[in-house]
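Residues per chain are reported as follows:
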Amino acid sequence: MKALEERIRQEGQILSDTVLKVDSFLNHQVDTALALEIGKEFARLFGSAPITKVLTIEASGIQFAMATAIALGVPFIYAKKKKAITLNEQVYFAEVHSFTRQETYQVSISQKYLDASDHVLIVDDFLATGAALVGLTDIVKEAGAELAGVGCVIEKSFQEGRGLLEQRGIAVRSLARIGSMAPGEVHFIEEAGAVIPPVKENVGC
């Protein structure tokens, strides 16, 4: 997605060869027009699958999951990092490690909102180590739902996340794939723009 790549070049702050800060337009202050375009692009890439739910983890993926869900005309769900006192029903749990925050936490989703009848698209802001996304795919599998694929806004392709997901047979599409970066420079990898065909089998590991 060229518009996204250009914004990263112009406004992204590369703090090291692994840390990219995009607070000014993606995950602190949000450019809503860009977020809606991101949602439309994910809908284009995955829209041939019979998606019934879009899934993400709070908090930075919420705006992109919502934009995608609007474009697809379906609800979205976000996994909670802390169980609310109002969440009394049965839940799915997964343990995930945050690369950005360097902490491990347990996320949960109410079983009332995800089940075997669902076809799920996972959307998140970053793909780096893949831990959070692997946790979400485990929840989808536990629910017996089908996974259409994973859409990521920005991918650090020099880290292991994509490989972990593809080893599970999961289709991954990222709108900006970074091959390498260092303060003052960023190099992108072209992502194939093929539309994802419908998925007919349950998620497997």
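- In the annotation of an unreviewed UniProt entry, the protein is listed under the name Xanthine phosphoribosyltransferase and assigned to Paenibacillus ottowii.
- Per UniProt, the protein has the following entry under Function (unreviewed entry): "Converts the preformed base xanthine, a product of nucleic acid breakdown, to xanthosine 5'-monophosphate (XMP), so it can be reused for RNA or DNA synthesis."

**Section: the overall build of the protein**
Part 1 of the argument: The helix and strand inventory of the protein stands at 6 helices and 10 strands.
Part 2 of the argument: Considering the protein as a whole, with its 205 residues, one finds that 47% of them fall into the buried category.
Part 3 of the argument: In the form shown here, the protein has an accessible surface area of approximately 9,700 Å², with 51% of it arising from carbon and sulfur atoms.

**Observations concerning helix α5 (residues 131-143)**
Part 1 of the argument: Across its 13 residues, α5 extends 19 Å between first and last C-alpha, which sits within 8% of the 18 Å expected from 1.5 Å per residue.
Part 2 of the argument: Those residues of α5 lying buried are A132, L133, V134, G135, L136, T137, I139, V140 and A143.

**Examining the packing of helix α3 (residues 32-46) against helix α4 (residues 62-72)**
Part 1 of the argument: Following both chains from N to C, one finds α3 and α4 inclined at 55°, their axes separated by 7 Å at the closest point. For the element pair α3 / α4, the angle class is oblique. Our pair here, α3 against α4, has a crossing hand that is right-handed. Only F64, A67, T68, A71 and L72 of α4 make contact with α3, whose side of the interface consists of A35, L36, I38, G39, K40, F42 and A43.

**A short note on the side chain of R162**
Part 1 of the argument: By the secondary structure assignment, R162 is in helix α6 (residues 161-167).
Part 2 of the argument: A residue is classified by how much of its surface remains accessible, and R162, at 11% relative accessible area, is buried.

**Brief notes about helix α1 (residues 2-11)**
Part 1 of the argument: When α1 is considered as a whole, its buried residues turn out to be L4, E5, R7 and I8. Projected down its long axis, α1 carries its buried residues within an arc of 160°, all on one side. Exposed and oriented more than 90 degrees from the buried face of α1 are K2 and Q10.
Part 2 of the argument: Looking at the buried side of α1, the elements it contacts are β2 (20-21), α2 (23-27), α3, β8 (146-156), β9 (172-182) and β10 (185-189).

What counts and what doesn't
Residues numbered from 1 in each chain as written. Predicted model: local features only at pLDDT ≥ 70, side-chain atom pairs only at ≥ 80, totals over all residues. Heavy atoms only, no water. UniProt positions renumbered as here; feature names shortened; annotations may be inferred. Helix = DSSP H or I, 4+ residues; strand = E, 2+ residues; numbered from the N terminus. Buried < 20%, exposed > 50% of the residue type's maximum accessible area, 1.4 Å probe, protein only. Areas by Shrake-Rupley, 256 points an atom, 1.4 Å probe, with all protein chains shown as cover. Expected span 1.5 Å × (residues − 1). Axes fitted to C-alpha atoms, helices over the stretch in contact; angles between N-to-C directions. Parallel < 35°, antiparallel > 145°, perpendicular 65-115°, else oblique. Left-handed = near helix turned anticlockwise from the far one by under 90°. Contact = heavy atoms within 4.5 Å. Arc of directions from axis to C-beta.

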